[in-house]
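Residue-level structure breakdown
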Amino acid sequence: MKHLSILVPKGENNLSSIVGAYKIFSRANMYWKEAGRAALFNIQLAGISKKVDFYDGLFSVKPQVHISEIRKTDLIIIPSLNHNYHEAVKENQSMISWVAQQYQQGAEVASICTGAFMLASSGLLDGRSCSSHWAAEGTFRNMFPEVQLEPDRLITDESGIYTNGGAYSFLNLMIYLVEKYYDRQTAIYCAKVFQIEIDRQSQSAFTIFTGQKLHGDEMVKEAQAYIESNLHEKISVEQLSSLFATGRRNFDRRFIKATGNTPVEYAQRVKIESAKKAFETSRKTINEVMYEVGYTDVKAFREVFRKITGMSPLAYRMRYNKEAEA
């Protein structure tokens, strides 16, 4: 039988991702037993404290085992954290080291949402792709510049390390892991029981783009402000670099390093974020919104909108503004 360790870190973390992981894998085990097969995993909540309180003591979890008692595990699940990432990393250094050690011994590791901060602190994500909650993008890039953050992706799977996007999208990662470890039929069964949309691959439609501002490059901050203040204009990179009296290649390099986007990508994201808000809150037509954010070609606007959100402008408006479709 394989061993699954669902971690319960010290400090603020998210109870739902611990309970959800436990319930889905427990149900997968039960499904196998009902089919006459042995349970695949011995599932344990593992921690470094006897008890961890959640939501000002309203709930608490008592880990079943201290991580020091686990010599070898097969799969580790790191739950999401609640905002205070620096403190969580500091409080859980022994757990982070244990995760790295277990990975070196052959364990696979999955982080849920902002649990990626703990995983990245282990060094295991250096040079690898990673996802997390879109709202934590700026802080994550600032803390871990050596990690290839891909905030639009719902799930990453690389060398036995899995990460996923934000909040309750962890349910999709659990179904993905169930299919990987059990089989497709078990994944479908669990998806139906827990009513989870199977095979979802992106969190783009849920992203609220605010731009990475947690960097120290004042020129790039000014350029970001200029882009955001001139939504209606079609601004070229040559214009921007000239405006800030620097060469295009140097401007591009600094912008990408600071924000994680090229200047063109950044301008597209700002424009599409404004378009999304218009679709959510007004009865404006697609053409009206398109012109307001500086596009004149319907085909180009639709292509960029779909690339960033994973949906067409019409599908987005139908999902988030029922009054406009009435």
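A brief look at the structure comes next. These figures come from a predicted structure and were not determined experimentally.

Take the pattern of salt bridges next. Under the definition given, this model contains 16 salt bridges. D217 serves as the salt-bridge partner of R254, at 2.8 Å between the closest nitrogen and oxygen. Of this pair, R254 sits in helix α10 (residues 248-259) while D217 sits in the loop between α7 (184-193) and α8 (218-229); the two residues are 37 residues apart in sequence, bridging distant segments of the chain. Salt-bridge contacts for K221 lead to E218; the nearest nitrogen and oxygen are separated by 3.8 Å. Highlighted residues: K221 and E218, both in helix α8, separated by three residues, approximately one helical turn. When its relative accessible area of 30% is taken as the criterion, K221 is described as partly exposed. E218 gets classed as partly exposed once you look at its relative accessible area, which sits at 49%.

Before going further, it helps to spend a moment on α7. Each turn of an α-helix holds 3.6 residues, which means side chains three or four residues apart point in the same direction. For α7, the full list of buried residues reads T186, A187, C190 and A191. Buried residues in α7, looked at end-on, bunch into an arc of 135 degrees, giving them a common side. Residues of α7 that are buried in the fold lie against α1 (15-34) and α6 (170-181). Positioned one or two residues after α7, Q195 has a phi angle of 55 degrees, which is positive.

The pairing of strands in a sheet happens through backbone hydrogen bonds and is either parallel or antiparallel. Here we have seven strands laid out as an open sheet, ordered β5-β2-β1-β6-β7-β11-β10, and mixed in their pairing. The sheet is open, and its two borders are formed by β5 (65-66) and β10 (155-158), each paired with just one other strand. In this structure, strand β1 (residues 2-8) lies alongside strand β2 (residues 41-47), joined through seven bridges in parallel fashion. Counted as the bridge partner of S5 is Q44 from β2. Its contacts with the sheet place helix α3 (residues 93-104) against β1, β2, β6 (75-78), β7 (108-111) and β11 (161-164), and it is angled at close to 160 degrees to β1. Set on the sheet, α6 makes contact with β1, β2, β6, β7, β10 and β11; between it and β11 the angle comes to about 150 degrees.

A word on α10. Taking 1.5 Å per residue, twelve residues should reach 16 Å; α10 reaches 16 Å between its end C-alpha atoms and fits that length. Buried within α10 are the following residues: F251, D252, F255, A258 and T259. For α10, the buried positions fall inside an angular range of 145 degrees around the axis, keeping them on one side. Residues of α10 that are exposed and point more than 90 degrees away from the buried face comprise R249 and K257. Each element contacted by the buried residues of α10 is listed here: α5 (137-143), α8, α9 (237-243) and α11 (263-281). Backbone geometry just downstream of α10 places G260 in the positive-phi region, at approximately 85 degrees.

Orientation of α1 relative to α6, taken along the N-to-C sense of each, is 30 degrees, at an axis distance of 10 Å. One way to sum up the angle between α1 and α6 is to call them roughly parallel. Where α1 crosses over α6, the handedness of that crossing is right-handed. Facing S16, S17, G20, A21, I24, F25 and A28 of α1, the residues of α6 in contact are F170, L171, M174, I175, L177 and V178.

Rules of the game
- Residues numbered from 1 in each chain as written.
- Predicted model: local features only at pLDDT ≥ 70, side-chain atom pairs only at ≥ 80, totals over all residues.
- Heavy atoms only, no water.
- Salt bridge = Lys/Arg side-chain N within 4 Å of Asp/Glu carboxyl O.
- Helix = DSSP H or I, 4+ residues; strand = E, 2+ residues; numbered from the N terminus.
- Buried < 20%, exposed > 50% of the residue type's maximum accessible area, 1.4 Å probe, protein only.
- Arc of directions from axis to C-beta.
- Contact = heavy atoms within 4.5 Å.
- Pairing = 2+ DSSP bridges.
- Axes fitted to C-alpha atoms, helices over the stretch in contact; angles between N-to-C directions.
- Expected span 1.5 Å × (residues − 1).
- Parallel < 35°, antiparallel > 145°, perpendicular 65-115°, else oblique.
- Left-handed = near helix turned anticlockwise from the far one by under 90°.

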